[in-house]
Amino acid sequence: MNIKSKVLLLNICVALIFSCKSVNKPYNYKRFPDNYSEIQRDYESYYYLNACHRGETIASIGAGNGIKEIQISCFIEGITWYLQEIDSSRLYQFEEVLTYHENLIGSSINADFNLVLGTENSTGLPHGIFDRVLMLNVFHEIESREGIMREIHQLLNEDGVLIIMERIGKTVGEVHGDCNYPKLMEPNFLQEMNDYGYTLKRKKLGEEISNLMFYTFESIAS
Ligand SMILES: C[S@@+](CC[C@H](N)C(=O)[O-])C[C@H]1O[C@@H](n2cnc3c(N)ncnc32)[C@H](O)[C@@H]1O
């Protein structure tokens, strides 16, 4: 084999190793923690701002592989989760992510998890039962969001709230590093939410450097 062929073969092997790795690795918007204190650090730094409470029934729209919800359940027991996605391949990874975390903390996680496949136009979630609906790093990825955002009014129970976590742009034209979608600008985002019938109840900064914000909305209709 000449040098050129060897280099080509080497390149193919390297490419295969990397492509296999990414196929085998659970879909990872968020790096897997190496130990319990990493989960605790993220929870105490920002995930507590979702204000999830013991015993609540919570939907997470666009939950990906459920890693954030699993991690919240390491601290808050007895949540009934509905993890919703439009991408079934991400929901398929849920069991693996749950097992990973249970092994890491050395005990089973006290929560009920229901996996729900929705469509671009409908969440597929049951109506009227949710104390909290979460959209964690999802809103900016939904291109036609009016239908879903109006449906969320029907999902919430009487006192239910909608939490939206987003990395908000500081200047016009910023994009998200992972998906390349434009970052939301706060005034436009709040106006859009108002147009969909939500009123802002609270907003909190989770992380300064990435301008990670947590917004709590109430349904004006409720
Ligand atoms: C950036 S990821 C965030 C995943 C997860 N919430 C997290 O924070 O790790 C955005 C997710 O939104 C999902 N998504 C996009 N459009 C959606 C829609 N119309 N309804 C539900 N999920 C959607 C994508 O499939 C993707 O998994």
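Scope of this entry: the structure provided in the associated data block. Along each chain, residue indices are assigned from 1 in the same order as the chain's sequence is written. Only residues with pLDDT of at least 70 are given local features in this predicted model, and only at 80 or more are side-chain atom pairs given and counted; all residues enter the totals for whole chains, interfaces and linings.

**Some words on the nonpolar core**
Then step 1. The biggest cluster of nonpolar side chains holds 44 residues, and the ones touching the most others in it are Ala59, Val133, Leu162 and Ile164.
Then step 2. Broken down by secondary-structure element, the contributors of at least two residues to this core are strand 1 (57-61), helix 3 (67-72), strand 2 (79-85), helix 5 (94-105), strand 4 (130-136), helix 6 (146-155), strand 5 (156-167) and strand 7 (212-219).
Then step 3. Segments assigned H or I by DSSP are reported as helices when at least four residues long, segments assigned E as strands when at least two residues long, and all are numbered from the N terminus. Among the elements that line this core, the one with the most residues is strand 5, at 6 residues.
Then step 4. Once C-beta atoms have been placed from the backbone, residue pairs whose C-beta atoms lie within 7 Å are recorded as contacts. Setting aside its immediate chain neighbours within four residues, Ile164 contacts Met135, Phe139, Tyr215 and Phe217. As used here, a nonpolar core is made of buried Ala, Val, Leu, Ile, Met, Phe, Trp, Tyr and Cys residues. They are joined through C-beta atoms within 7 Å. Partly exposed residues are those whose C-beta has more than 12 but fewer than 20 other C-beta atoms within 10 Å; 20 or more makes a residue buried and 12 or fewer makes it exposed, with C-beta atoms placed from the backbone.

**Quick word on helix 6**
Then step 1. Here helix 6 has its buried residues at Ile148, Met149, Ile152 and Leu155. Down the axis of helix 6, the buried side of the element spans an arc of 100 degrees, and every buried residue falls inside it. Exposed and facing more than 90 degrees away from the buried side of helix 6 are Glu146 and Arg150.
Then step 2. Here the buried face of helix 6 lies against strand 1, strand 4 and strand 5. Our arc is simply the arc of the directions from the helix axis toward the C-beta atoms.

The values reported here are purely geometric and, on their own, carry no functional implication.
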